[in-house]
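# What the coordinates show
One-letter residues, chain by chain:
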Amino acid sequence: MGQISDLQKRDALARLLDDSHLEGTDRLRAFLTYIVEEELSGRGADIRGKTIAQDVYGRDTADGVDPENIVRVDARRLRQLLELHYEGSGKHDPIRLCIDTGGYRPRFEAALTSPDMVDPVKARGAWFPVAAFTSGGIIGAVLAAFLIQDEKPVVQEPSPGNLTSVEPYLLQRAAIYEKSPTALQAFNLANQARAMIFPIFDRPRQLLVLSVFERVIELDPDYFGGYAGAAQALATLAVLTPPSEDKDNYAKAAMELANEAVRLAPDQAWSQSAKSWAYFADRDYEAALTLGRRASHLDPDDGAVLDFLGAVALFSGEFEEAVEIADRQSLLDSSNQRFANRNISGAANFHLGDYRKTIERFEEAKQLGDPLSAPSLAYTVAAMSALGRDRDARARLAELERAWPNAPIDEMLRNTHSNAEHADAVVQELIRLGWISPSGRHSTSQ
């Protein structure tokens with residue numbers, strides 16, 4: 001096909017603006033229209049995050065903050081929406097609009113006549129890391145719709161003369177509703193998605209949770225929780241990804257969103273916890289521990305904050321601190337399915353040599369419905385093996401291999417522990433029982 005005309009480019013833009021995915025997203029529509037008009041006017045090379053922030057959002061740096069954070073977030077969302085459009089209603093569009101990662105200048109290309117002709121390497125480079133979110137984004141959009149329907153939209157206004165008897169969370173929701181109904185919707189959805197983050201070793205779960213938090217940001221771009229939650233999901237994806245460009249991109253995106261959460265709400269424990277986890281994904285363990293501890297002091301009753309701090313302490317080798325954080329009596333007394341404290345306690349006790357406590361904690365977690373993952377069962381197997389209970393250990397190993405037949409447990413643990421020897425302490429016990437890594441390696445790191 002020859003040169004793409006301005007008329008064809010405008011037609012490509014019009015097709016996108018007509019897509020139902022962009023309904024109700026005025027800011028994204030303005031963003032998309034702006035960059036196309038700038039390109040058509042010959043100013044495409046001059047498009048920058050700063051110019052978009054000023055010309056589209058009316059923001060500048062006069063208040064001492066970085067207005068480009070929201071531009072980066074919106075560009076990421078636009079790339080995902082473009083992918084959804086061209087996979088769905090726009091799959092037959094003759095001209096496709098792309099926004100390459102690392103910039104905001106639109107690029108137009110003629111659609112290939114057959115999907116089989118698409119170069120997967122070129123396609124991946126054009127929209128990473130959104131490519132990794134696509135399947136999770138579609139499922140997450142459906143899940144978000146389900147969760148929103150499950151919310152209780154009616155907010156009873158407390159009587160002015162009876163405020164002392166009203167539950168604080170009702171007052172909080174009433175105050176948020178006064179801002180806007182969509183703000184309350186975002187708040188409720190964020191709290192529901194936050195309860196789904198653990199277990200962290202479930203990659204599809206993290207992709208799904210990320211897409212829900214992206215919906216939260218869309219509903220209320222000024223709510224810190226959307227950015228904090230998305231940052232934690234992205235940081236977890238970085239932790240789970242072997243060393244690569246993908247891993248670096250996840251970590252960078254996580255830190256950008258965590259910084260936005262802190263900018264919006266620096267005094268909120270969740271914001272500080274999100275930045276702590278972003279530092280952990282970047283393997284800055286000292287900074288991760290410092291901010292995690294700060295978050296726990298800001299809200300010592302926030303179980304999710306404590307779980308992330310416990311995870312940071314565990315994987316940083318601070319096992320005593322991990323046990324102290326995890327063994328919160330108020331949470332050990334009953335089932336708290338959103339929390340991972342028993343799993344954290346069990347793993348930390350393994351590294352402290354208390355194998356019986358490890359087994360006890362993981363058994364409690366299983367019975368009470370806490371988050372469960374392949375490493376959880378691996379720690380139980382390793383503890384039984386260390387105690388010489390080979391028969392029980394092999395039975396549990398068989399359970400592990402049935403439930404997660406291809407789980408790269410060695411890579412999972414080495415990607416999360418700051419010290420490979422701590423991961424190998426678990427893996428060695430599995431290998432002694434006959435476990436073979438899916439990667440084919442049958443030895444631990446030296």
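Predicted, not measured: the structure shown is a model, and the values here were computed from it.

What counts, and at which threshold
- Residues numbered from 1 in each chain as written.
- Predicted model: local features only at pLDDT ≥ 70, side-chain atom pairs only at ≥ 80, totals over all residues.
- Heavy atoms only, no water.
- Core = buried A, V, L, I, M, F, W, Y, C linked by side-chain atoms within 4.5 Å.
- Buried < 20%, exposed > 50% of the residue type's maximum accessible area, 1.4 Å probe, protein only.
- Helix = DSSP H or I, 4+ residues; strand = E, 2+ residues; numbered from the N terminus.
- Axes fitted to C-alpha atoms, helices over the stretch in contact; angles between N-to-C directions.
- Parallel < 35°, antiparallel > 145°, perpendicular 65-115°, else oblique.
- Left-handed = near helix turned anticlockwise from the far one by under 90°.
- Contact = heavy atoms within 4.5 Å.
- Nonpolar A, V, L, I, M, F, W, Y, C, P; charged D, E, K, R; others polar.
- Expected span 1.5 Å × (residues − 1).
- Patch = residues over 30% accessible without salt bridge, like charges linked within 9 Å, V, L, I, M, F, W, Y side chains within 5 Å.
- Areas by Shrake-Rupley, 256 points an atom, 1.4 Å probe, with all protein chains shown as cover.
- Salt bridge = Lys/Arg side-chain N within 4 Å of Asp/Glu carboxyl O.
- Lys, Arg positive; Asp, Glu negative; His and termini not counted.
- Charge placed at Lys NZ, Arg CZ, Asp CG, Glu CD.
- pLDDT = per-residue confidence, 0-100.
- Pairing = 2+ DSSP bridges.
- Phe/Tyr/Trp six-rings, centres within 6.5 Å; stacked < 30°, edge-to-face > 60°.

## Describing the nonpolar core
Membership of the largest hydrophobic core comes to 126 residues, with the highest contact counts inside it found for Phe-31, Leu-32, Ile-35, Leu-97, Phe-213 and Ile-409. Among the elements that line this core, the one with the most residues is helix H10 (residues 224–240), at 12 residues.

## Regarding the packing of helix H15 (residues 319–326) against helix H17 (residues 341–351)
At a closest axis distance of 8 Å, the pairing of H15 and H17 adopts a crossing angle of 150 degrees. One way to sum up the angle between H15 and H17 is to call them roughly antiparallel. Like other packed secondary-structure pairs, H15 and H17 cross with a definite hand, here left-handed. The residues of H17 that touch H15, namely those facing Phe-319, Ala-322, Val-323 and Ala-326, are Asn-341, Ile-344, Ser-345, Ala-348, Asn-349 and His-351. The residue inventory of the contact of H15 with H17, partitioned by class, reads six nonpolar, four polar and no charged.

## Some points on helix H2 (residues 26–40)
In a regular helix each residue adds 1.5 Å, so 15 residues correspond to 21 Å; H2 covers 21 Å between its end C-alpha atoms and thus fits that length. Restricting attention to buried positions, one finds in H2 the residues Leu-28, Phe-31, Leu-32, Tyr-34, Ile-35, Val-36, Glu-38, Glu-39 and Leu-40. Structurally, H2 contributes buried residues whose contacts are with helix H1 (6–17), helix H3 (49–55), helix H4 (68–87), strand S1 (95–99) and strand S2 (106–110). Positive backbone phi, approximately 85 degrees, marks Gly-42, located one or two places after H2.

## Re H17
When you tally the buried positions in H17, you get 11 out of 11 residues, the bulk of the element. With its phi angle positive at about 85 degrees, Gly-353 sits one or two positions after the end of H17.

## Points about a negative patch on the surface
A contiguous patch of negative charge, built from Glu-245, Asp-248, Asp-282, Asp-284 and Glu-286, is present on the exposed surface. Of the residues examined, Asp-284 reaches a relative accessible area of 33% and is grouped as partly exposed.

## Some points on the confidence of the model for the protein
Residues at a pLDDT of 70 or more form 80% of the protein, whose mean pLDDT is 82. Within the protein, helix H5 (residues 120–127) has the poorest average pLDDT of any element, 32, and helix H12 (residues 269–281) the best, 97. Low confidence marks residues 332–337, where pLDDT is under 50. Its contacts with residues over four positions away, or in another chain, come to 17 contacts. Between residues 442–446, whose pLDDT stays under 50, and residues either more than four places distant or in other chains, the model counts 13 contacts.

## Focus: the pattern of salt bridges
On inspection of all chains with the given rule, the structure shows 31 salt bridges. For the salt bridge of Arg-15 with Asp-93, the shortest nitrogen-to-oxygen distance reads 3.5 Å. Taken together, the positions of Arg-15 in helix H1 and Asp-93 in the loop between H4 and S1 put the pair 78 residues apart, joining distant regions of the chain. With a relative accessible area of 5%, Asp-93 lands in the buried category. Measuring nitrogen to oxygen at the nearest pair gives 2.8 Å for the salt bridge that ties Arg-77 to Asp-74. Taken together, the residues span about one helical turn, with Arg-77 and Asp-74 both in helix H4 at a distance of three residues.

## Structural notes on the pairing of S2
Each regular strand shows side chains that alternate between the opposite faces of the sheet. Relative to S2, S1 runs antiparallel, the two being bridged by five bridges. Opposite Ile-95, over in S2, you have Ala-110 as the bridge partner. Hairpin connection, S1 to S2: the antiparallel pair is bridged by six residues, and Gly-102 has positive phi, about 95 degrees.

## Overview of the packing of aromatic side chains
Aromatic rings in a pair are described by how distant their centres are and how their planes are angled relative to each other. Applying the stated criterion across every chain yields a total of 14 aromatic pairs. Pairing Phe-31 with Tyr-104 gives two aromatic rings, centres 6.3 Å apart and planes at 65 degrees, and the pair type is edge-to-face. With Phe-31 in helix H2 and Tyr-104 in the loop between S1 and S2, this pair connects stretches of sequence that are 73 residues apart. Residue classification places Phe-31 among the buried residues on the basis of a relative accessible area of 0%.

## Things to note about unusual backbone geometry
Here the bond from Phe-198 into Pro-199 is cis, since omega is 5 degrees, no more than 30 degrees from zero. With respect to the helices, strands and loops of the structure, Pro-199 is situated in the loop between helix H8 (181–194) and helix H9 (203–219). Positive phi values are uncommon outside glycine, yet Arg-283 reaches one of about 65 degrees. Mapped onto the fold, Arg-283 is located in the loop between H12 and helix H13 (285–298).

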